[in-house]
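# Examining the three-dimensional arrangement
Here's the letter readout for the chains.
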Amino acid sequence: MSYATDLPTTSEFGQVPGTPQGSPAEAVHWTRKPWFVNALAVAILLVVWQYLHSVNGRVPSIDEVVSFLGVELGGGSHGGVSRGEFWGPLSISLQRYAIGLAIGIPVGGLLGLLIGGSRRFRSVLNDTVLVLLVLPSVVWAFAASLWFGIGSTAPVVAVVLTAVPFMAVNLSSGIRGLDPGLALMSDAFRVPRLRRATHLLVGGALSNAVTGVRLAFMTSWNSLLIVEWFGTASGVGWRAKHWYDAQRFEGFVAWILLFVVFITLLDWLVLRRLEHRSTRWQQQPTLTFAEGEIA
Amino acid sequence: MAYDTSVTPDAVADLSAREIRRSVMGRWGLRAGVVIGWMAFIGVWYVFSGAVLGTQQLPPPHTVAAEVWQVVTGDGFGTTLWASLFRVIVGCTMALSASIVLGMVIAYSAWWRGLLGILTRFFVSIPTVALAILALILFGASGLGPMLTAALVATPYVMSSVAQGLTRVDRRLIVMSESFGRTRSQIITGVLLPSSVLAVIGGARQAFALAWRITLLTEVFASSDGVGFQIKRSFESYDVRGLLAWTALFIGLMFIFENFVFRQLERRAFGGAHVSLATAESTR
Amino acid sequence: MATILIENLTKVYPPTPTYPQQVQALGGVSMSVTGNVFVAVLGPSGSGKTTLLNIVAGVEEPTAGAVRVVQDGVPAQVGYVFQEPRLLPWRSVLDNMLYVQNRKSDRSKREAEFYLSMVGLSDVAHLYPAQLSAGMQQRVGIARAFLVNPDVLLMDEPFSHMDALTGRSLRDYLQRIWAHTRKTALFVTHDVGEAVELADRILMLRPGGVVFDDIPVNLPRPRRPDDAAVHAVETEVLRRFDSMEAAVRFGDQRN
């Protein structure tokens with residue numbers, strides 16, 4: 001089985017290598033300016049939303065969702081006895097998410113290092129990791145909540161188990177893609193194991209590792225929400241389910257928007273920067289002076 | 001001559017036999033590693049079910065295997081499987097056809113690449129579980145939800161890999177075609193599509209893997225049949241055995257498709273793309 | 001004093017799925033090199049030159065035979081210059097130098113900078129390899145090999161990927177830095193002119209990895225490729241290659 005190649009790498013979006021990236025700013029027509037394209041995308045999404053609302057009464061309208069968001073974020077009254085809650089569920093979920101990732105990413109990274117760096121470890125561990133990778137997150141979510149009940153253990157375990165294979169597979173495939181000549185060079189110079197692991201393996205596969213981290217963040221957020229939806233009585237997933245069960249779909253959609261905002265912020269503020277740093281060496285302009293100049 | 005350095009042919013044959021033995025033993029060592037890996041996997045499973053979680057919480061492998069057998073030979077297995085498979089195939093086909101068109105658009109137009117980039121970034125940041133529930137709100141418990149969700153989720157990923165495959169096409173061929181005055185559509189059908197067959201197959205494979213996962217998830221929420229529905233029913237009746245049995249079946253299915261469908265397709269495409277007698281013979 | 005002792009070294013590659021025929025890379029090579037000598041190993045493609053260097057460097061196992069590379073009775077430190085630069089693309093030039101340095105001290109960095117200055121690259125120490133031209137990258141490779149203070153220097157056609165003019169200027173760098181350190185050197189090449197210009201002794205290999213000749217080059221240094229004396233040795237080396245080929249062909253007809 002080779003699912004490693006099937007992995008979606010979100011870094012591929014928006015940039016396709018080998019194609020020109022646009023002309024100088026002064027030559028750009030206003031329809032090609034980034035703000036216009038951004039605004040157009042948002043407008044398309046809003047129009048589609050409003051259209052869905054008009055054809056299907058169960059889809060809430062935009063202003064319903066916006067006013068609901070105001071109440072939920074501000075802690076005001078939703079009418080009747082229920083009050084807005086935002087920071088409470090969010091901080092519980094973020095704790096679970098952070099603990100799960102703090103365990104899952106290092107463990108997955110270590111596994112990836114072993115599988116990528118040694119043929120023996122690879123032959124032993126590869127299939128297990130692939131089975132973990134193929135397992136749908138909903139199965140993890142169900143199993144974890146059956147095993148650990150409604151506390152915080154189930155969501156944390158689900159986050160760990162989702163993050164580990166993504167991290168391991170990405171890092172190990174990055175390591176296996178390294179130039180074998182560099183390993184031979186390190187052999188010839190008798191470079192010690194530890195330095196080789198940090199400079200050659202991790203250094204070379206850093207961009208893959210970051211892709212792994214990104215996917216681990218994305219997919220384990222999803223698993224967390226599923227566990228919270230089915231198996232807990234706290235957290236953001238539970239909150240979304242609460243409004244769904246109460247047939248308040250504007251509440252449910254409002255929470256989906258919050259999920260999107262969360263992931264987008266995470267992506268912009270943390271993951272994209274990490275990715276940029278890890279690929280810095282590929283982005284440097286090449287010096288173009290002649291060979292004999294210094295000689 | 002400074003040294004007498006010749007080696008007799010017999011000696012070389014002996015030495016070569018030693019090298020061959022060494023490499024074969026290396027290969028068997030790796031195979032043994034795979035067996036050890038599976039034994040360890042099953043062993044850990046037994047330990048967890050016996051000593052950590054209990055056989056009620058985590059049934060041992062042989063119980064799950066028996067359950068798999070029961071599910072496969074029982075009533076309604078074919079119907080359940082077909083319900084999911086049908087959705088996967090339809091969703092996958094929709095995703096793939098949309099991706100080929102959109103992939104071509106974004107490979108050759110910077111403007112569309114910008115616009116679709118923003119839209120896809122929005123869609124991939126919606127947790128799939130939220131999409132599954134939206135499907136439930138929009139379509140109720142019908143088969144339409146899983147199909148459309150699968151197509152919607154798979155499209156951005158497949159689109160970008162198809163676009164990447166297209167941009168790797170040898171640009172000199174396009175320049176050559178243009179210099180002979182070929183039209184845009186002639187270039188697309190004559191150069192781009194043939195040389196990106198592999199990218200499209202890769203995309204199909206990706207679409208299939210993604211569509212399965214999303215279909216399964218959406219069936220959990222918004223369906224009354226299919227593999228996902230069975231998994232959910234097992235969960236709701238605290239039937240870990242059934243949950244694991246359906247999961248094992250799902251993994252087995254993925255394995256079969258990966259090895260028997262897509263690998264064959266790829267082999268065939270390779271045979272067609274690099275026409276040589278050797279590959280043409282071997283694909284038969 | 002460093003010694004390279006090679007006895008009846010043989011390497012046979014078993015057939016693989018991609019190349020279903022066994023290949024004899026080395027067929028019983030024996031030689032010994034002692035002291036501050038620059039030895040060129042000269043041969044066409046397929047004469048096992050790279051395999052020989054890899055085995056001497058200890059990164060490949062021989063099928064039969066033995067290699068000992070010692071310095072005063074203990075295993076010698078080896079410096080290796082590869083055919084391609086083989087730098088870590090994600091590390092700066094200076095970090096690439098430090099990557100191979102095993103005896104770390106406060107002077108490590110200064111030593112690295114010194115050898116970079118020997119190849120004229122002081123100004124680019126902070127750049128990434130991809131920002132340098134191919135010739136500059138190979139100069140980093142040469143500086144790196146000298147940095148580990150090697151007892152034995154191994155070089156595998158380091159200039160074969162360069163254009164002729166770049167190769168010439170790099171040979172000058174190599175001569176200069178070698179004259180400074182005078183390490184025992186094993187230099188693999190298929191270029192007769194290069195071998196004569198650099199080496200004290202030329203070991204000639206034929207396909208199948210068999211040594212068929214071994215001639216000394218007693219010419220004063222520094223040598224220029226256009227010297228008449230260098231030319232004379234080149235002609236002699238080529239003559240011996242021709243007679244070897246004739247002998248092999250004649251042998252074939254007799255069988």
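Here, the structure is the one placed above.
Fair warning: this is a prediction, and the values are worked out from it, not measured in the lab.

### Notes on the sheet that holds strand E6 (residues 78–81) of chain C
Residue and element names in this part refer to chain C.
- Pairing within the open sheet is mixed, and its six strands lie in the order E6-E7-E8-E3-E9-E10. Edge positions in the sheet fall to E6 and strand E10 (210–216), since each of these pairs with one other strand and no more. On average, adjacent strands in this sheet sit at an angle of 15° to one another, irrespective of strand direction.
- Both strand E3 (residues 38–42) and strand E9 (residues 201–206) contribute to a ladder of four bridges, which runs parallel. Pairing of Val41 across the sheet is with Leu203, part of E9.

### Topic: the interface of chain A and chain B
- Every contact between the two is made by 63 residues of chain A and, on the other side, 61 residues of chain B.
- Buried surface at the junction of chain A and chain B, both sides included, amounts to about 6100 Å², of which 74% is carbon and sulfur.
- The tally of links from chain A across to chain B stands at zero salt bridges.
- Between the two partners, chain A and chain B, sit eight residue pairs in polar contact (both at pLDDT 80 or more).
- In the side of chain A that touches chain B, the residues fall into 41 nonpolar, 14 polar and eight charged.

### Comments concerning the interface of chain C and chain A
- Contacts between chain C and chain A engage 36 residues on the former and 29 residues on the latter.
- Of the roughly 2900 Å² buried between chain C and chain A on both sides combined, carbon and sulfur atoms contribute 61%.
- A per-residue breakdown of the area chain C buries against chain A is headed by C:Trp90, C:Tyr99 and C:Gln131, which together make up 27% of the total.
- Along the contact surface separating chain C from chain A lie zero salt bridges.
- Along the contact surface separating chain C from chain A lie 10 residue pairs in polar contact (both at pLDDT 80 or more).
- The set of elements that each furnish at least two residues to the side of chain C that touches chain A consists of helix H1 (49–57), E6, helix H2 (93–99), helix H4 (134–147) and helix H5 (164–181) of chain C.
- If you tally residues by element for the side of chain C that touches chain A, the top one is H4(C), at five residues.
- Residues of the side of chain C that touches chain A, tallied by class, amount to 21 nonpolar, 10 polar and five charged.

### Examining the packing of H4(C) against H5(C)
Residues and elements named next belong to chain C.
- Interaxial distance between H4 and H5 falls to 11 Å at its minimum, and their mutual angle equals 15°. Put simply, H4 runs roughly parallel to H5. Along this stretch, H4 crosses H5, giving a crossing that reads as right-handed. Contact residues: Gly135, Gln138, Arg139, Ile142 and Phe146 in H4; Thr166, Leu170, Tyr173, Leu174, Ile177, Trp178 and Thr181 in H5.

Basis of the calculations
- Residues numbered from 1 in each chain as written.
- Chains lettered and ligands numbered in written order.
- Predicted model: local features only at pLDDT ≥ 70, side-chain atom pairs only at ≥ 80, totals over all residues.
- Heavy atoms only, no water.
- Pairing = 2+ DSSP bridges.
- Helix = DSSP H or I, 4+ residues; strand = E, 2+ residues; numbered from the N terminus.
- Axes fitted to C-alpha atoms, helices over the stretch in contact; angles between N-to-C directions.
- Contact = heavy atoms within 4.5 Å.
- Buried area = accessible area lost by both parts, 1.4 Å probe.
- Salt bridge = Lys/Arg side-chain N within 4 Å of Asp/Glu carboxyl O.
- Polar contact = N/O pair within 3.5 Å; in protein donor to acceptor, adjacent residues only side chain to side chain.
- Nonpolar A, V, L, I, M, F, W, Y, C, P; charged D, E, K, R; others polar.
- Parallel < 35°, antiparallel > 145°, perpendicular 65-115°, else oblique.
- Left-handed = near helix turned anticlockwise from the far one by under 90°.

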